[in-house]
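Here is how the chains run, residue by residue.
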Amino acid sequence: MSELSEEMVAELLSLKKRNLIKNPHGAEQFEGWEITKNGGCQWRVEELPGDCGKEFPDKTVQSYFATSFALCLKKQVLDLRAEGYSEELLDTVQPKITVQDWYAGRSDCGCTYQLCVSLLNESQETVQEFKPDLVSLEPENSDCSWSQVTHTFEGYGPGVRFVSFEHGGQDSKYWKGWFGVRVTNSSVEVQP
């Protein structure tokens, strides 16, 4: 890595680690989210712990997003420059970008969970992607506690300008209502 300019050092020192996801647990319903699939009875925000659910480990989180009997997906595309990260910093330093998501099933119905996070260039083409395998949660094989998935992007090369974060799922019994996976407290953080 080349020597950092005084301006870049000042920029790095001024940046605070913060969650770039807007409305990560539904306090403002779906504000900040683009609904990409709204199947079944559609997305809904519910209060924790919810019917047949478990308490969340962080007591400050009071709600979650619930999915239905057909696929429900929602996403945010984060503009890193608009969030205060210069092209020079992103291209030269390539700071680590850490993503996290929390998901849980219900004790009365199985469900699936999926996540896809992509680093995008100026044209919003994928530079690097994190897409873990589809997770199937069945009450007989799980205590339905909240699970966390985490991934850190590093060494991704120059040109990253956006982060696309998309997640969701559905129930596995096609029951009318909101018996699918629950998601909350999503985060995308650029490490200063």
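To start, this report covers the structure provided alongside it.

Thresholds applied
Residues numbered from 1 in each chain as written. Predicted model: local features only at pLDDT ≥ 70, side-chain atom pairs only at ≥ 80, totals over all residues. Heavy atoms only, no water. Helix = DSSP H or I, 4+ residues; strand = E, 2+ residues; numbered from the N terminus. Rg over C-alpha atoms; globule rule 2.2 N^0.38 Å. Buried < 20%, exposed > 50% of the residue type's maximum accessible area, 1.4 Å probe, protein only. Contact = heavy atoms within 4.5 Å. Areas by Shrake-Rupley, 256 points an atom, 1.4 Å probe, with all protein chains shown as cover. Pairing = 2+ DSSP bridges. Axes fitted to C-alpha atoms, helices over the stretch in contact; angles between N-to-C directions.

Focus on the overall build of the chain
Phase 1: Assigned secondary structure in the chain consists of 2 helices and 11 strands.
Phase 2: Traced from its N-terminal end to its C-terminal end, the chain shows the element sequence α-β-β-β-β-α-β-β-β-β-β-β-β.
Phase 3: Relative to the compact-globule value of 16 Å for 192 residues, the chain shows a C-alpha radius of gyration of 18 Å, a close match.
Phase 4: A buried classification covers 46% of the 192 residues belonging to the chain.
Phase 5: Contacts in the chain between residues at least 24 apart in sequence constitute 81% of all its contacts with a sequence separation of at least 6.
Phase 6: Carbon and sulfur atoms form 46% of the exposed surface of the chain, whose accessible area is close to 9,300 Å².

A word on the sheet that holds strand β5 (residues 97–104)
Phase 1: Within the open sheet, the 5 strands sit side by side as β2-β3-β11-β5-β9. Their pairing is antiparallel. The open sheet is flanked by β2 (44–47) and β9 (147–153), the only strands paired with a single partner. Between one strand axis and the next, the sheet turns through 35 degrees on average, direction left out of account.
Phase 2: Pairing geometry for β2 and strand β3 (residues 63–66), over 4 bridges, is antiparallel. Within the sheet, the bridge partner assigned to E47 lies in β3 and is S63.

Brief notes about the side chain of T112
Phase 1: Here T112 lies in strand β6 (residues 111–120).
Phase 2: Looking at T112, the relative accessible area reads 17%, which means it is buried.
Phase 3: Setting aside anything within four residues of it in sequence, one finds T112 in contact with L134, V135, S136, G168, G169, Q170 and V181.

Structural measurements only, silent on function.
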